[in-house]
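Residue-level structural notes
If you want the building blocks of each chain, they are given just below.
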Amino acid sequence: MPIRNIAVGHPQEATHPDALKAALAEFISTLIFVFAGEGSGMAFSKLTDNAANTPAGLVAASLAHAFALFVAVSVGANISGGHVNPAVTFGAFVGGNITLLRGILYWIAQLLGSTVACLLLKFSTGGLTTSAFALSSGVGVWNAFVLEIVMTFGLVYTVYATAVDPKKGNLGIIAPIAIGFIVGANILAGGAFDGASMNPAVSFGPALVSWSWENHWVYWAGPLVGGGLAGLIYEFIFIGNNTHEQLPTTDY
């Protein structure tokens with residue numbers, strides 16, 4: 001069972017050069033992803049004079065996030081595993097594929113990367129607002145909570161199937177593409193309702209820089225529950241004790 005593989009890790013791991021390099025890779029990858037994703041939304045708002053969300057804007061956001069995540073995962077895959085998302089890291093932890101201490105390092109790096117990306121966007125755009133995620137009219141917090149769970153479950157399940165599963169074979173080559181595609185598709189499905197975060201770091205940076213925290217808990221609780229469920233289910237049912245070979249800590 002995956003619970004047997006869960007480990008806190010050694011205190012020395014927090015200062016080990018490999019762990020620090022992995023955390024730096026997560027910081028850079030998350031910065032790249034948030035800068036492109038959030039920046040595309042800011043650019044669209046500027047070009048449309050802050051018009052309300054439109055179908056064209058939703059498609060643009062979907063494509064920008066899909067392409068940016070594909071790149072962010074690709075450039076970090078060989079160093080940190082390319083999580084770029086606290087929910088992915090949490091899913092890897094509950095599945096026994098990363099230690100708690102290494103996961104905390106990743107979380108810190110991811111949140112810092114998102115924050116720095118938003119600060120750079122605000123400065124380089126002359127002070128434009130980095131919009132925090134918000135619920136659309138008629139969408140309740142529990143609606144958004146379930147939506148975030150389902151979307152993040154799909155994302156982390158895809159990560160496990162294409163990047164974590166030791167039986168994946170050559171499928172691992174297209175892992176960044178599949179991960180980018182599922183995020184883009186989920187934005188098309190949920191973007192009009194709650195913004196389709198699926199990533200606490202992506203929500204945290206804009207909320208901190210704009211200091212807008214309304215319903216912010218939804219964008220943490222939903223993704224963490226969805227990511228945790230995906231990690232447990234895939235590890236327990238599809239990897240299992242007989243076929244699972246523990247991956248190095250550098251690969252989830």
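In what follows, the structure referred to is the one given above.
Nothing here was measured: the structure is a model prediction, and the numbers come from that model.

1. Concerning the packing of aromatic side chains
For any pair of aromatic rings, the description rests on two quantities: the centre-to-centre distance and the angle between the ring planes. This model, assessed by the stated rule, comprises 12 aromatic pairs. Judged by centre distance (5.8 Å) and plane angle (25°), the rings of Phe 153 and Tyr 157 are stacked. Taken as a pair, Phe 153 and Tyr 157 lie in helix α5 (residues 141-164) at a separation of 4 residues, close to a single helical turn. With relative accessibility at 26%, the residue Phe 153 sits in the partly exposed group. Taking 5.1 Å as the distance between ring centres and 45° as the angle between the ring planes, the aromatic pair formed by Tyr 234 and Phe 238 counts as tilted. Taken as a pair, Tyr 234 and Phe 238 lie in helix α8 (residues 218-243) at a separation of 4 residues, close to a single helical turn. Assessed through its relative accessible area of 38%, Phe 238 is described here as partly exposed.

2. Points about empty space enclosed by the protein
One pass over the structure, following the stated rule, counts 1 cavity of 30 Å³ or more. The computed volume of the largest cavity comes to approximately 90 Å³. Leu 69, Asn 85, Leu 155, Val 183 and Asn 199 are the residues nearest the centre of the largest cavity, which is lined by 16 residues in total. For the lining of the largest cavity, the secondary structure elements donating two or more residues are α2 (55-76), α5 and α6 (175-194). Its residues assigned to classes, the lining of the largest cavity shows 11 nonpolar, 5 polar and no charged.

3. Description of unusual backbone geometry
Even without being a glycine, Val 84 presents a positive backbone phi close to 60°. For Val 84, the location among the structural elements is in the loop between α2 and α3 (86-94). Taking relative accessible area as the criterion, Val 84 reaches 0% and is therefore assigned buried. At Ala 196, a position not held by glycine, the phi torsion is positive, near 55°. With respect to the helices and strands, Ala 196 occurs in the loop between α6 and α7 (200-210).

Calculation rules
Residues numbered from 1 in each chain as written. Predicted model: local features only at pLDDT ≥ 70, side-chain atom pairs only at ≥ 80, totals over all residues. Heavy atoms only, no water. Phe/Tyr/Trp six-rings, centres within 6.5 Å; stacked < 30°, edge-to-face > 60°. Helix = DSSP H or I, 4+ residues; strand = E, 2+ residues; numbered from the N terminus. Buried < 20%, exposed > 50% of the residue type's maximum accessible area, 1.4 Å probe, protein only. 1 Å grid on protein atoms, 1.4 Å probe; cavity = no way out; pocket = protein on both sides within 12 Å on 5 of 7 lines; lining within 4 Å. Points joined across faces, edges and corners; volume = space filled by probe spheres on them. Nonpolar A, V, L, I, M, F, W, Y, C, P; charged D, E, K, R; others polar.

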